[in-house]
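Structure assessment
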Amino acid sequence: MSLRALQALESDPNLSQRALARELGVSLGRTNYCLHALMDKGLVKLQNFQHNPRKMRYAYLLTPQGIEEKTRMTWRFLRRKEAEYEALQAEIAELRRRVAADAGVEGR
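What counts, and at which threshold
Residues numbered from 1 in each chain as written. Predicted model: local features only at pLDDT ≥ 70, side-chain atom pairs only at ≥ 80, totals over all residues. Heavy atoms only, no water. Helix = DSSP H or I, 4+ residues; strand = E, 2+ residues; numbered from the N terminus. Buried < 20%, exposed > 50% of the residue type's maximum accessible area, 1.4 Å probe, protein only. Contact = heavy atoms within 4.5 Å. Areas by Shrake-Rupley, 256 points an atom, 1.4 Å probe, with all protein chains shown as cover. Core = buried A, V, L, I, M, F, W, Y, C linked by side-chain atoms within 4.5 Å.

Labelled according to an unreviewed UniProt entry, the chain appears under the name MarR family EPS-associated transcriptional regulator, originating from Spiribacter aquaticus.

Helix and strand counts for the chain come out as four helices and two strands. Along the chain direction, N to C, the helices and strands of the chain fall in the order α-α-α-β-β-α. Relative to its full complement of 108 residues, the chain shows a buried share of 23%. In the chain, 44% of the contacts between residues at least 6 apart in sequence involve partners at least 24 apart. For the chain, the accessible surface area stands at approximately 8,000 Å², while carbon and sulfur atoms represent 54% of it.

Turning our eyes to something else, we now look at the nonpolar core. In this structure, Leu6, Leu9, Leu15, Leu20, Leu38 and Val44 are the most contacted members of the largest nonpolar core, which totals 17 residues. Those elements that provide at least two residues to this core are helix H1 (2-11), helix H2 (17-24), helix H3 (28-40) and strand S2 (58-62). No other element matches H1, which puts five residues into this core. Apart from residues no more than four positions distant in its own chain, Leu15 is found in contact with Ala8, Leu9, Leu20, Glu23 and Tyr60.

What follows is the structure in structure tokens.
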């Protein structure tokens, strides 16, 4: 969830917690918890718009450390998905081999 939150905030730092929760498909409370954890780790900082008539508007900005961590998380995710893909391709090849062997037995 942290990776998806960082990606969403990088795309739109002005997302409200409610909008971020909707985008992530999780509760507002879980989103709040995640944002605070990201801020505690120094990956996201909260900026208040002082000149905004709506004083409650904030922006969640990725810190340089947050951008680096998002990149590391993306690479780990990509490597994991590539490994899953390769394992799935091997499993499909094995199933095709078995089906072909079974079809050869039935055809006799």
